[in-house]
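Each chain, letter by letter, is given below.
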Amino acid sequence: MKFNQWKIWLKSKPWLLKWFILLVLVRPIIDNLYFLKNISPFLSPLYITGVLTPLMVIYVLAKTKKPASTKLDRHMRFFSFFLLLGTFFVIVFDPLSMESFEYLLKLSLPVYMYFFARRFIQSKEDLDGILTTFLYSSVFVAGILMYEVVINPIRVEESRGMGRIQGSFGDVVSYGIYLLFSFLIACYFYFSKRKLVPMRKRLRTLLIVAAFALLALVNIHHIASYTIFVLILLLFLVYNFKTNKAAAFGISLMLFSLFIFFGQPIIEEKITPLLETDVAVFEGEQESGRLLHGRVGRWEYMAGIFTYQNIFVQFFGYPFTLKYSYHFVGVGSHSDYVRILFLSGYFGLYAYLLVLFSFFKRAKQTGYAQRFLAYGLLAIILLYSISVVPTYYPPFVYMMMCIFAYIALPFKMISKKVINE
């Protein structure tokens, strides 16, 4: 979407919905003021946004018409029931603390953002508009990245003997989320605009975004982000061969040449040190709990606690013990699958996987570019969720639920041109 088209789209939205577009646009700035939460919650834009967003969502839901229900909506409501039930019992343990209020907002984020997105996303234009907004917001992230790489790192965290730059974000995952979604969106627009924009212009934009993504990758030293970037790149090449074999061959040749010249130093200096412990485990030099930077050991410990509980708690979630559970249902789990299991039990995890499967099935029936976008999103969700808690990060949830909302639209609301493109 060109800038003039984006401005027209932005102006066409009532303030009842426009606030969300502006929120996505400035979210990287808000996230970089993370440190203010340590001074006072009343000075922190993160806390202010965290409180105002669900209030605005509730207002929108009350003022707008409920969309026609689809199967994905029903599966999302099923998952929402178990997630909110677990969240309720998390809060019951300590209902009057600031920490419990913070967890209430974070744990319920995927639920209220999905049902808001269903009111917000009503067409492909809305989808393209919010994806373009995310790309514009990432310009700020690219600026921070360039400052850290060229001038001076703002904040460096040591991990596995390597220094990770992370700006003023809470952690390096925020950099990963912006770089991966930006790359996925740029690839999507490469396919979506193939009949409207010359390949040279589409490829130029894609290469610029990819260059910034690679620059971020080699400086945040995050193996999950490396893996997902490569997977999206491979998916892009597969789809490219289906639409334009000559272009796909040329791009593949260019990537192969770049790998020949720059690939080996990157692998030896940036990636191999991240895998040393895992390799040692497979060679029998380290215990299995050291896998994935010690996460496997943490999951084994947590699994022991979870399976020790009675069957009711296992099916509905650890919060039903009415014990302290923040460290199990938050970032401390280091896996979204484990986090959702602890929060909502076997029923909740099953319902979540059912949502992802339903999303996949519906995505198969959309347009070519939209399928690529949906499959790329699924790759990010499924792989990140192994060692990260992506649905705990608002920027991730914003894009995830907007794409989900588009796929959830009744097929009669998606033009034949999109379906058959």
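Residues numbered from 1 in each chain as written. Predicted model: local features only at pLDDT ≥ 70, side-chain atom pairs only at ≥ 80, totals over all residues. Heavy atoms only, no water.

Caption draft 1: Up close: the overall build of the protein chain. What the protein chain contains, in helices and strands, is 18 helices and two strands. Expressed as a percentage of its 421 residues, the buried residues of the protein chain come to 54%. Across the protein chain, contacts joining residues at least 24 apart in sequence account for 73% of those joining residues at least 6 apart. (Helix = DSSP H or I, 4+ residues; strand = E, 2+ residues; numbered from the N terminus. Buried < 20%, exposed > 50% of the residue type's maximum accessible area, 1.4 Å probe, protein only. Contact = heavy atoms within 4.5 Å.)

Caption draft 2: Structural context of the packing of aromatic side chains. For the coordinates displayed, the defined rule picks out 49 aromatic pairs. Seen from their ring centres, Phe-93 and Tyr-324 are 6.0 Å apart, and the 80 degrees between their planes marks the pair as edge-to-face. In this pair, Phe-93 sits in helix H4 (residues 71-93) while Tyr-324 sits in the loop between helix H13 (311-316) and helix H14 (326-329), placing the two residues 231 residues apart along the sequence. With relative accessibility at 35%, the residue Phe-93 sits in the partly exposed group. Take Tyr-324: its relative accessible area is 39%, and that puts it in the partly exposed class. Positioned above the aromatic ring of Tyr-190 is the side chain of Arg-202, whose terminal nitrogen or guanidinium carbon lies 4.6 Å from the ring centre. (Phe/Tyr/Trp six-rings, centres within 6.5 Å; stacked < 30°, edge-to-face > 60°. Lys NZ or Arg CZ within 6 Å of the ring centre and 35° of its normal.)

Caption draft 3: Region of the structure containing the environment of Tyr-318. Position of Tyr-318 among the secondary structure elements: in the loop between H13 and H14. Filtering out sequence-adjacent residues up to four positions away, Tyr-318 remains in contact with Ile-305, Phe-306, Gln-309, Val-313, Lys-323, Tyr-324, Ser-325, Phe-328 and Phe-342.

Caption draft 4: Representation of the pattern of salt bridges. For the structure shown, the criterion picks out eight salt bridges. Here Arg-27 and Asp-31 are joined by a salt bridge, their closest N and O atoms 2.9 Å apart. Pair noted here: Arg-27 and Asp-31 are both in helix H2 (residues 15-31), with a separation of four residues, about one helical turn. Exposure remark for Asp-31: the relative accessible area of 8% places this residue in the buried category. Ionic pairing is found between Arg-155 and Glu-157, a salt bridge with its closest N-O pair at 3.1 Å. Judged by its relative accessible area of 32%, Arg-155 falls in the partly exposed class. The structure contains a network of salt bridges with shared partners spanning Lys-124, Asp-128 and Lys-193. (Salt bridge = Lys/Arg side-chain N within 4 Å of Asp/Glu carboxyl O.)

Caption draft 5: The arrangement of the side chain of Ser-387 in detail. Summarising the element assignment, Ser-387 is placed in helix H16 (residues 368-387). Here Ser-387 is in contact with Ala-224, Arg-295, Trp-299, His-334 and Ser-335, once residues within four sequence places are set aside.

Caption draft 6: Layout of empty space enclosed by the protein. A complete count under the given rule lists one cavity of 30 Å³ or more for this structure. By volume, the largest cavity amounts to about 60 Å³. As for the largest cavity, its lining consists of Met-76, Phe-79, Leu-83, Pro-110, Ile-340, Tyr-352, Val-355, Thr-391, Met-400, Met-401 and Phe-404. Of all the secondary structure elements, the ones that give two or more residues to the lining of the largest cavity are H4, helix H15 (336-363) and helix H17 (394-408). A class-by-class count of the residues in the lining of the largest cavity yields ten nonpolar, one polar and no charged. (1 Å grid on protein atoms, 1.4 Å probe; cavity = no way out; pocket = protein on both sides within 12 Å on 5 of 7 lines; lining within 4 Å. Points joined across faces, edges and corners; volume = space filled by probe spheres on them. Nonpolar A, V, L, I, M, F, W, Y, C, P; charged D, E, K, R; others polar.)

Caption draft 7: Geometry of the nonpolar core. The biggest cluster of nonpolar side chains holds 130 residues, and the ones touching the most others in it are Phe-20, Met-113, Ile-130, Leu-131 and Phe-404. Top contributing element to this core by residue count: helix H8 (residues 172-192), with 17 residues. Ignoring sequence-local partners within four residues, the contact set of Ile-130 consists of Trp-9, Phe-20, Ile-21, Val-24, Phe-120, Ile-121, Met-399 and Cys-402. (Core = buried A, V, L, I, M, F, W, Y, C linked by side-chain atoms within 4.5 Å.)

Caption draft 8: Focus on the packing of helix H1 (residues 3-12) against H2. Contact pair H1 / H2: the axes reach a minimum separation of 9 Å and the direction vectors enclose 135 degrees. If you check the angle between H1 and H2, you find them oblique. The segment H1 lies against H2, with Trp-6, Trp-9, Leu-10 and Lys-11 engaging Lys-18, Ile-21 and Leu-25. For the contact of H1 with H2, the residue count by class is five nonpolar, no polar and two charged. (Axes fitted to C-alpha atoms, helices over the stretch in contact; angles between N-to-C directions. Parallel < 35°, antiparallel > 145°, perpendicular 65-115°, else oblique.)

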